[in-house]
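# Chain and residue survey
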Amino acid sequence: MIYSRWGRISLESNSVGKEFVITCFGESHGRCVGVVVDGCPAGLPLSERDVQKELDKRIPPQPEIVSARREKDIVEILSGTFNGLTTGAPICTLVWNKEVIPGEYDLIKDTPRPGHADYPARIKYGKFYDYRGGGRFSGRITVAFVMAGAIAKKLLGLFGVEVLAYATEIGNVKLRAIPTLKKIRRDTYKTAVRCPDLESAKEMEEAILKAKSEGDSVGGIVECIVSNVPVGVGEPLFDSLDADIAKMLFDVPAVKGVEFGAGFEAARLKGSENNDAYVIREGKIVTLTNNAGGVLGGLSSGMPILVRAAIKPTPSISKEQKTVDLSKMEETLIRVKGRHDPCIVPKAVPVVESAVAIVLVDHMLRAGIIPKVLRGRK
Ligand SMILES: Cc1cc2nc3c(=O)[nH]c(=O)nc-3n(C[C@H](O)[C@H](O)[C@H](O)COP(=O)(O)O)c2cc1C
């Protein structure tokens, strides 16, 4: 055991979930990034193709709007399936890191990047901090979210639940009109920025390229809609559905805000404006509006879950910024080199979708809506 001046040093919180437990492993510049999914029911048809399809969504084909690091990310499933079906045993999936350039991040060893995790991580973990590409703090870790999310989404699909995320804002360019579910399904991944409105997407792309040409970066907002969630999913008090989704989204690097439904705007409404009135439509109880974002009292309300994540601008930028040389305890200047995304939002869209799907599967297993063994479901 290694002790620092405050206590034990370890990066120890690597698992999440109670019934559908995922454990993420790997570093940006280590050998691989992977995830172990424990608690997936037996009998789910699962192939590497299913996971690969989701992983491929992480990397828009247009190289100019993402990092120059072009990992192919070919998934390998090492355990937990037999004859194309899950067995109920832990599923281990990984991708190998191939595009690692030694020495690429030497500059940041002693001069922490403003906005990244370098400074607090270096103080907390000292010489054990793997600073290469941000180590465990790299956005690359979200490959693990997407692999586990692929399994979660496949499971949810068997129960008619669909999770769809897309970009609604990038670099102050907002999506013009609320898209239909059909449009989100059809067009989101047609655009480099993962926005289903083609015209807004073009402007968002331009905003990214402009920031990039200035050695800068931009942020944005990812919205996620979950349809067909049964009423009553969630475990108040402390495992409320919205709280668990928010926690998982805040575990995605660069997420700085999460809101459901009307979100912060609800604070400015009157009760009569914010309450979602109940009506009967086609024999079902529904609400006329969805300011609650599909969650009341920590339980799903039966309306679509509507959640948004605010993504900050990429911290690593080539514009000159002030920092401190920790080895000399002197102020200095830094221009961050290396391969970085000028905007995180396009890659974050499938990550947000995965994070939400993982939490929902965990809760639907806990509620017994998803059984431990899937029989007769294809
Ligand atoms: C998909 C994804 C890709 C990212 N790419 C980069 C990147 O290229 N450069 C960078 O500095 N940060 C990138 N980040 C963000 C950092 O990992 C993050 O800002 C850092 O770990 C500090 O954590 P915090 O922003 O949550 O406080 C990325 C995040 C995600 C989710």
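As a starting point, this report considers the structure included with it. (Residues numbered from 1 in each chain as written. Predicted model: local features only at pLDDT ≥ 70, side-chain atom pairs only at ≥ 80, totals over all residues. Heavy atoms only, no water.)

## Some details on the site of the ligand
Heads up, the rule is: To be near a molecule or strand, a residue needs just one of its heavy atoms within 4 Å of it. Polar contact is the term for a pair of N or O atoms within 3.5 Å; when the atoms are in protein, one must be able to donate a hydrogen and the other to accept it, and sequence-neighboring residues count only if both atoms are side-chain atoms. Under the convention used here, a 1.4 Å probe and the Shrake-Rupley method define accessible areas, while residue burial counts only the protein chains that appear. When residues are sorted by character, Ala, Val, Leu, Ile, Met, Phe, Trp, Tyr, Cys and Pro go into the nonpolar class, Asp, Glu, Lys and Arg into the charged class, and all the rest, Gly among them, into the polar class.
The environment of the ligand is formed by 19 residues, the closest being Phe137, Ala254, Lys312, Ser316 and Asp341. At a separation of 2.7 Å, an oxygen atom of the ligand approaches a polar backbone atom of Phe137. A distance of 2.5 Å separates an oxygen atom of the ligand from a polar side-chain atom of Ser316. Burial of the ligand by the protein chains amounts to 88% of its free accessible area of 630 Å². Of the residues that constitute the shell around the ligand, the class distribution is 7 nonpolar, 7 polar and 5 charged.

## Focus on the sheet that holds strand β2 (residues 21–26)
What counts here: Here, any two strands with at least 2 DSSP bridges between them count as paired. A run of H or I in DSSP becomes a helix once it reaches four residues, and a run of E becomes a strand once it reaches two; helices and strands are each numbered from the N terminus.
On the basis of which strands lie adjacent, the open sheet formed by 5 strands has the order β1-β2-β3-β7-β4 and antiparallel pairing. Looking along the sheet, the strands with just one partner apiece sit at the ends: β1 (15–16) and β4 (76–77). In this sheet, strand β7 (residues 91–96) lies alongside β4 in antiparallel orientation, the contact comprising 2 bridges. Bridge pairing in β7 links Ile77 to Thr93.

## Considerations on the packing of helix α3 (residues 142–158) against helix α8 (residues 345–366)
Here is the rule: Each axis is a line fitted through C-alpha atoms, taken for helices only over the stretch in contact, and angles between the N-to-C directions span 0 to 180 degrees. Between 65 and 115 degrees an angle is taken as roughly perpendicular, under 35 as roughly parallel, over 145 as roughly antiparallel, and anywhere else as oblique. Take the far helix as the reference: if the near one is turned anticlockwise from it by less than a right angle, the crossing is left-handed, and if turned clockwise, right-handed. Residues are treated as being in contact if the distance between any of their heavy atoms lies within 4.5 Å.
Two elements in contact, α3 and α8, have axes whose closest approach is 7 Å; the angle formed by their N-to-C orientations is 50°. When the axis of α3 is compared with that of α8, the two are oblique. For the crossing formed where α3 meets α8, the hand is left-handed. Residues Thr142, Phe145, Val146, Ala148, Gly149, Ala152, Lys153, Leu155 and Leu156 of α3 form the contact with α8, whose own contacting residues are Pro350, Val351, Glu353, Ser354, Ala355, Ala357, Ile358, Leu360, Val361 and Met364. Classifying every residue of the contact of α3 with α8 gives 14 nonpolar, 3 polar and 2 charged.

## Remarks on unusual backbone geometry
In this model, Pro236 is joined to Leu237 through a cis peptide bond whose omega is 15°. The residue Leu237 is located in the loop between β10 (220–227) and α6 (241–250) in this model. One non-glycine residue with positive phi stands out, namely Asn172, at about 70°. Following the sequence through the fold, Asn172 ends up in the loop between β8 (162–170) and β9 (173–174).

## Observations concerning the environment of Ala117
Assignment of secondary structure puts Ala117 in the loop between β7 and α2 (118–125). With 109 residues separating them in the primary sequence, Ala117 and Val226 have C-alpha atoms 31 Å apart.

## Some remarks on the side chain of Glu205
Applied cut-off: We call a residue buried when its accessible area falls under 20% of the maximum for its residue type, exposed when it is over 50%, and partly exposed in between, using a 1.4 Å probe and counting protein chains only. When charges are counted, Lys and Arg contribute as positive and Asp and Glu as negative, whereas His and the chain ends are disregarded. Any Lys or Arg side-chain nitrogen found within 4 Å of a carboxyl oxygen on Asp or Glu counts as a salt bridge.
Position of Glu205 among the secondary structure elements: in helix α5 (residues 198–213). Buried and unpaired, Glu205 has no salt bridge, with Lys202 as the nearest side chain of opposite charge at 4.1 Å. Beyond its immediate sequence surroundings of up to four residues, Glu205 is in contact with Ile65, Ala192 and Val193.

## Quick notes on the packing of helix α1 (residues 48–56) against α3
Two numbers describe how α1 lies on α3: the axes approach to 9 Å, and their chain directions differ by 125°. By the angle between their directions, the pair α1 and α3 is classed as oblique. Relative to α3, the crossing made by α1 is right-handed. Here α1 contributes Asp50, Val51, Glu54 and Leu55 to the contact with α3, which in turn contributes Val143, Val146, Met147, Ala150, Lys153 and Lys154. Across the contact of α1 with α3, the residue classes tally to 6 nonpolar, no polar and 4 charged.

Function cannot be inferred from these measures alone, as they are strictly geometric.
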